[in-house]
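Breakdown of the fold
The primary structure of each chain is shown beneath.
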Amino acid sequence: RQMERQVHALMKRMGDVLGREWGQQLEGRQLRRSCDELLGKLDSRAYFRSWVAEWERELGSDAGSRLATFPIIIAREGGGTMVARANFDEKHEYLAREVRYLRWLGYGTDIPRTIASVSEEAMARYPHAMALRTALRSYAAARGLVTSDLEPLVAPELRAIRESISEAFDAPSGGGGGG
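These lines cover the structure that appears in this document, whether it is placed above or below.

Cut-off values and rules
- The residue numbers shown here count from 1 along each chain, following its written sequence.
- With the structure being a predicted model, the display of local features is reserved for residues of pLDDT at least 70 and the display and counting of side-chain atom pairs for 80 or more, all residues being used for whole-chain, interface and lining totals.
- Excluding hydrogens and water, the side-chain figures rest on all heavy atoms present in the structure.
- Pairing between strands requires that DSSP locate at least two bridges from one strand to the other.
- Working definition: helices are DSSP H or I runs of at least four residues, strands are E runs of at least two. Numbering for both runs from the N terminus.
- One less than the number of residues in a helix, times 1.5 Å, gives the span that helix is expected to have.
- Any residue under 20% of the maximum accessible area for its type is buried, any over 50% is exposed, and the rest in between are partly exposed; the area is computed with a 1.4 Å probe on protein chains only.
- What the arc describes is the spread of directions from the helix axis to the C-beta atoms.
- The contact definition used throughout considers only heavy atoms, calling two residues in contact when any of these lie within 4.5 Å.

Considering the pairing of strand E1 (residues 72–76)
Pairing analysis gives 5 bridges linking E1 to strand E2 (residues 82–86), with the strands arranged antiparallel. Following the sheet pairing, Ile72 is matched in E2 by Ala86. Between E1 and E2, which pair antiparallel and follow one another directly, the connecting turn spans 5 residues, one of which, Gly80, has a positive phi of 90 degrees.

Brief notes about helix H3 (residues 44–61)
Relative to the 26 Å expected for 18 residues at 1.5 Å per residue, H3 spans 26 Å between its end C-alpha atoms, a close match to the ideal helical length. Listing the buried residues of H3 in full gives Phe48, Trp51, Val52, Trp55 and Leu59. The arc that holds every buried residue of H3, seen down its axis, measures 100 degrees, which confines them to one face. Turned more than 90 degrees from where H3 packs its buried face, Arg49, Arg57 and Ser61 sit exposed. Among the structural elements, helix H4 (90–104) and helix H5 (113–145) are those in contact with the buried residues of H3.

Some words on helix H1 (residues 2–18)
Counted at 1.5 Å a residue, the expected span for H1 with its 17 residues is 24 Å, and the 24 Å between its end C-alpha atoms agrees. Looking at the buried side of H1, the elements it contacts are helix H2 (26–41). Backbone geometry just downstream of H1 places Gly19 in the positive-phi region, at approximately 105 degrees.

Below, the structure is given as structure tokens:
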């Protein structure tokens, strides 16, 4: 917007120097065309509309996978082992940041309510998801260091951790070495 204002100011100056009909003169036509082309590229509304369309399409394809599901999901890794992961999609984090930046730029009232609500929900869940992701990563790293010889010594602690994790969803807290 600032660059747009500068181009308009420069065009006004050209009008002051070359006269009111400077865009109709031979040399002025090419200059006027260049200014109009630059203003067309600086049109932030077009970029905003394409951003909204892109996110609405993205969120429409995710209609079944709402953020309000369980905070932990169990996924299979390449080797077939089960791994616990935080149920938080990175794209929701990006959406929240972009919405925040757009509000700073003055587009807050133009953001569709569906996008704004997903963004607000993501920002509310973000700190918890990052803490959970860090805790699960630390658990997996520590669990990887426990050998079969040490397992009986730390079995009560492992059981307590599994029970804490199982509180996040209805998963069995039974044995198994992967998660």
